[in-house]
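# Structural features, examined
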Amino acid sequence: MEIFSQIFRLLYRIRFWLIFGPLFTTIIAIYSTKNLVRTYEVSSTLYTGIASGFTIESNVSSSRIDWGSVNNGMDNLISIIKSKATLREVSLRLYVQHMIYGDSLRDNNYIKASNYKQVYSITPKEVRALINKTSEEQTIKNLNEYEKASPTNFVYGLFNWNHHYYSYDALSKIEVKRLFESDMLDLKYSANDPGVAYNTLLLLNEEFVKQYELLRFGETNNVIEYFRRTLAELANRLRVSEDSLTQYYINKKIINYDEQTKQVTALSRDFDLMYYTVLLDYTSSVALVDQLNEKIEYQKQLIENSSLFLQKLSDISTLSDKIARIKFFTNDSTAFNSEALKSYKANLAIAEKSLKVLTDTIEVNRYTTEGFATKEYLDEWLDATIKKTKSFAELGVMEEVRKSLDSQYSYFSPIGSTLKRMERNIGFTEQSYLSVLQSLNAALMRQKTLQMTSAVLRPINPPLFPVAP
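Residues numbered from 1 in each chain as written. Predicted model: local features only at pLDDT ≥ 70, side-chain atom pairs only at ≥ 80, totals over all residues. Heavy atoms only, no water.

## A few points about the overall build of the protein chain
Counting secondary structure elements, the protein chain contains 15 helices and four strands. Considering the protein chain as a whole, with its 469 residues, one finds that 35% of them fall into the buried category. Contacts in the protein chain between residues at least 24 apart in sequence constitute 78% of all its contacts with a sequence separation of at least 6. (Helix = DSSP H or I, 4+ residues; strand = E, 2+ residues; numbered from the N terminus. Buried < 20%, exposed > 50% of the residue type's maximum accessible area, 1.4 Å probe, protein only. Contact = heavy atoms within 4.5 Å.)

As structure tokens, this is what we get:
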């Protein structure tokens, strides 16, 4: 009891200190913090879809995730958000909003009146003249044209000096963090003005998507443009090559080169067989005539001295020539059954028969010096002479055919190598065209994937206007 009594007496003695001491401390604390800056924090959660999002290039049959690629994509995205290019656009748009929508008499959702007065007061008159109250885009265009990399340029200095709203130092304090191993990014920003904090994060969510698209689409669009330009050039080359080949076929009168050369080869083979058959007939008939000439020398001279005999023999030669020309120079199968050929063959048979009749009417000795019957030798000699005359006429025609075949060989030989070279060039150009077309399709697929990736870059928790510091 005595202890409690002593404590009570002590508290009674210092009762004034216990009352006025805390009161004095409170007053000092209130006075010291009356001008303390109030800070408003705004946050936003962004969904990226880099890890779990589906794209055109996704392999449906594979569930494996390349975490290295995912981490790289997230780091790149964070770097784009905090890059100077992105923050510079945010800075300029934020300043334009303040100059257009700011009010010096009352606070609004863009900027407080006191802060607007401060921004307006530091803005030069020539910069104020650039502000178009009816259009943000036109104002931004005016300011970009006015800006120069100079320490005396106000627009340049907004981002590069130390203004507490628009400078890089102020905007670089925006916090961007990945939420664990997810597709989410958490963005936070604090400012002494709720409108500034709110609109800064709101503008950042818009601008970094534009910068992402500009960066990623820029390189992809360049590649697509290159492939399209190359594809157009190859298509033109392919068209020119094919037109040249078509014109070459027309100029050389080629319908089917392989079939035409086969026909020439077959014709040459058949011609060689016929030529050697006729040559054999001619050679054998010449030898037989020479042999019989010794046995019927006198009778032969009588017959050959007859002009009618020579005329008949000439007729046989002429008819044989005409028949041979139809046989060797006419490709139409109906020509072999034509009335002209039948007439020539009939006339040839008549000429041969009349020649034999003529030889019978010529007065000749009945026996040779050896005592053999002249009639037998004479008939054999006449047959050999007719055969010799017909073979000689056919050989003359066949020599012309040989020259024609040789000219066809000379004509078709260079055509074959030229056609192969032109077709090889067309094939190479076509393969190049298909390869570039495949690359173009891959680039377009990549572009579509980027479009899908950009489409999912959106805040799932958009910034909220702060109502309390």
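Past the structure itself, the notes keep going.
## Looking at a nonpolar patch on the surface
Side chains of Leu10, Ile14, Phe16, Trp17, Leu18, Ile19, Phe20, Leu23 and Ile27 sit close together on the surface and give an oily, nonpolar patch of about 970 Å² of accessible area. It is helix H2 (residues 15–32) that provides the largest number of residues to the nonpolar patch, a total of seven residues. Along the polypeptide, leucine 10 turns up in helix H1 (residues 2–13). (Patch = residues over 30% accessible without salt bridge, like charges linked within 9 Å, V, L, I, M, F, W, Y side chains within 5 Å. Areas by Shrake-Rupley, 256 points an atom, 1.4 Å probe, with all protein chains shown as cover. Salt bridge = Lys/Arg side-chain N within 4 Å of Asp/Glu carboxyl O.)

## Some details on the pattern of salt bridges
The full count for this structure, using the stated rule, is six salt bridges. Linking glutamate 147 and arginine 88 is a salt bridge whose minimum nitrogen-to-oxygen distance equals 2.1 Å. Here glutamate 147, found in the loop between helix H7 (136–146) and helix H8 (154–160), pairs with arginine 88, found in helix H4 (residues 84–101); they are 59 residues apart in sequence, far enough to count as distant. Taking relative accessible area as the criterion, glutamate 147 reaches 22% and is therefore assigned partly exposed. One salt bridge connects lysine 210 with glutamate 207, and the closest N-O pair in it is separated by 3.7 Å.

## Notes on the sheet that holds strand S1 (residues 40–47)
Taking strand neighbours across the sheet as the criterion, the four strands line up as S2-S3-S1-S4 in an open arrangement whose pairing is antiparallel. Only two strands of the sheet have a single partner each, and these edge strands are strand S2 (175–178) and strand S4 (458–461). Taken over all neighbouring pairs, the strand axes of this sheet differ in orientation by 35° on average, direction set aside. As paired strands, S1 and S4 are joined by three bridges and run antiparallel to one another. Bridged to tyrosine 47 within S4 is arginine 458. (Pairing = 2+ DSSP bridges. Axes fitted to C-alpha atoms, helices over the stretch in contact; angles between N-to-C directions.)

## What to know about the side chain of glutamate 207
On the secondary structure map, glutamate 207 appears in helix H10 (residues 194–252). Every residue in contact with glutamate 207, bar those within four places of it in the chain, is listed here: Thr86, Glu89, Val90 and Arg93.

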